[in-house]
Amino acid sequence: MEKTDILSLDLNELETALVSLGEKKFRAKQIFQWLHVKRVFDFDKMTDISIQLRERLKENFCINGLFIQKKLESCIDNTVKYLYRLSDGNFVETVLMEYSYGHSICVSTQVGCKMGCRFCASAIAGYVRSLEPSEILQQIYTAEMDSGVRVSGVVLMGIGEPLDNFDNVVKFLRLLSDKNGNNLSLRHVSLSTCGIVPRIYDLAQLKLGLTLSVSLHCPDDKGRSEIMPINRTYNIDSLIKACKDYIDATGRRVTFEYAVIDDVNSSDADADRLADLLRGINCHVNLIPVNKVKERSYHTARSGVAEFAKRLGKCGINATVRRTLGSDIEAACGQLRRDAGLHDGTNGGAML
Ligand code: SAH
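Residues numbered from 1 in each chain as written. Predicted model: local features only at pLDDT ≥ 70, side-chain atom pairs only at ≥ 80, totals over all residues. Heavy atoms only, no water.

Asker: Help me get a handle on the pattern of salt bridges, residues and values and all.
Answerer: Evaluated as defined, the whole model comprises 20 salt bridges. K222 is the salt-bridge partner of E226, the closest N and O atoms lying 3.6 Å from each other. With E226 and K222 both in helix α7 (residues 221-227) and 4 residues apart, this pair spans about one turn of that helix. Between R337 and E295 there is a salt bridge whose closest N-O contact spans 3.0 Å. Of the two residues, R337 is situated in the loop between β14 (319-321) and β15 (350-351) and E295 in the loop between β13 (283-289) and α10 (302-314); the sequence distance between them amounts to 42 residues. Look at R337 and you get buried, because its relative accessible area is 6%. Connected through shared salt-bridge partners, D44, E55 and K58 make up one network. (Salt bridge = Lys/Arg side-chain N within 4 Å of Asp/Glu carboxyl O. Helix = DSSP H or I, 4+ residues; strand = E, 2+ residues; numbered from the N terminus. Buried < 20%, exposed > 50% of the residue type's maximum accessible area, 1.4 Å probe, protein only.)

Structure (structure tokens):
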């Protein structure tokens, strides 16, 4: 019999599972707290549970753990990148970032990615599978235990498309914010999508309170389809409509991410078109200098992003420029990859 992944169960599911084993319901909360509050991932160390029950837990459940295969620390800004090995031998990357207000973590939601955005390293080695809720959570728990810091913000901006793993991502968010468990407010969580329109409507209905970030990167369909294949299925019109619905349904503003790329989307005309597209929408624009991906030749001139921001400002659209963290260890936006474990020694940072 295959064992149940206990870290992916919410409290109700754990109660049901324990009752079906003939145990008392209240045991579920005790076990849930061992896992999600005390972070004890060995049934034998759950000392207020009888030895008999611990044995039954071991027979019926497994605790999905991640192994730190490699850890790189930035020499510039204390960013730490973890390469985790999953229980089936696959790899994902996770980035722990230090800000003046605390620590934020960037988690992966899939092993690889199907979306094929031209400028993104995560797309290069293709897609393998979606992550389980426990595997997304463990990226945080393992980094916290390793570093000794408590994470105060989470961004779903690592490898994968979160809305292409909708049910597991929603489950992860519910576990992350459970009052009986990790108890992180979803106000401190951002989910980034390339624009899977039907799932944006679904997410709006759940009213989770998180920030939706949308990777826009181009203000016209022709250009966007060239760099983001998803645009051929869900065009800009349908994406903007879904974002407006999200704003109406949740009362929260949406962030639009825009990687400024020389000769692709960085002209004055592009800025003007972007301003026209977003005028009147309760949103924020986050500009990103395109980060280096060795298989691609995209780049941004140093002045490019600032000029673009200025032009948007003139058109009445406020934009901020995202700080690039961990660039010396390939930990910046779009630089994470599932096959990073196979290329040792290519990074500039210190390997720990
Ligand atoms: N699949 C999600 C999350 C992935 S990455 C999405 O597409 O939104 C998080 C952000 O980094 C996205 O906005 C993505 O488009 C951007 N990104 C990808 N490659 C990049 C690169 N080389 N430079 C800068 N940003 C990049």
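Asker: Outline the packing of aromatic side chains, listing residues and values.
Answerer: Counting across every chain of the model gives 4 aromatic pairs. Taking 6.4 Å as the distance between ring centres and 10 degrees as the angle between the ring planes, the aromatic pair formed by F41 and Y141 counts as stacked. Of this pair, F41 sits in the loop between α2 (27-36) and α3 (51-60) while Y141 sits in helix α4 (residues 133-147), placing them 100 residues apart in sequence. A cation over a ring is seen here: R39 above Y141, with NZ or CZ 3.7 Å from the ring centre. (Phe/Tyr/Trp six-rings, centres within 6.5 Å; stacked < 30°, edge-to-face > 60°. Lys NZ or Arg CZ within 6 Å of the ring centre and 35° of its normal.)

Asker: How would you explain the packing of α4 against helix α5 (residues 166-177) if you had to name every residue and give the values?
Answerer: Any two packed helices are characterised by the angle at which their axes cross and by the distance between the axes. Put simply, α4 and α5 touch, their axes get as near as 8 Å, and they point 45 degrees apart. Between α4 and α5, the angle falls in the class oblique. At the point where α4 passes α5, the crossing takes the right-handed sense. For the pair α4 and α5, the contacting residues are P133, I136, L137 and I140 in the first and N168, V169, K171, F172, L175 and L176 in the second. The residue makeup of the contact of α4 with α5, split by class, is 8 nonpolar, 1 polar and 1 charged. (Axes fitted to C-alpha atoms, helices over the stretch in contact; angles between N-to-C directions. Parallel < 35°, antiparallel > 145°, perpendicular 65-115°, else oblique. Left-handed = near helix turned anticlockwise from the far one by under 90°. Contact = heavy atoms within 4.5 Å. Nonpolar A, V, L, I, M, F, W, Y, C, P; charged D, E, K, R; others polar.)

Asker: An account of the environment of K292 is needed here, citing residue identities and associated values.
Answerer: Its place among the elements puts K292 in the loop between β13 and α10. Relative accessible area serves as the criterion here: at 61%, K292 is assigned to the exposed category. As a C-alpha pair, K292 and K207 span 85 residues in sequence and 35 Å in three-dimensional space.

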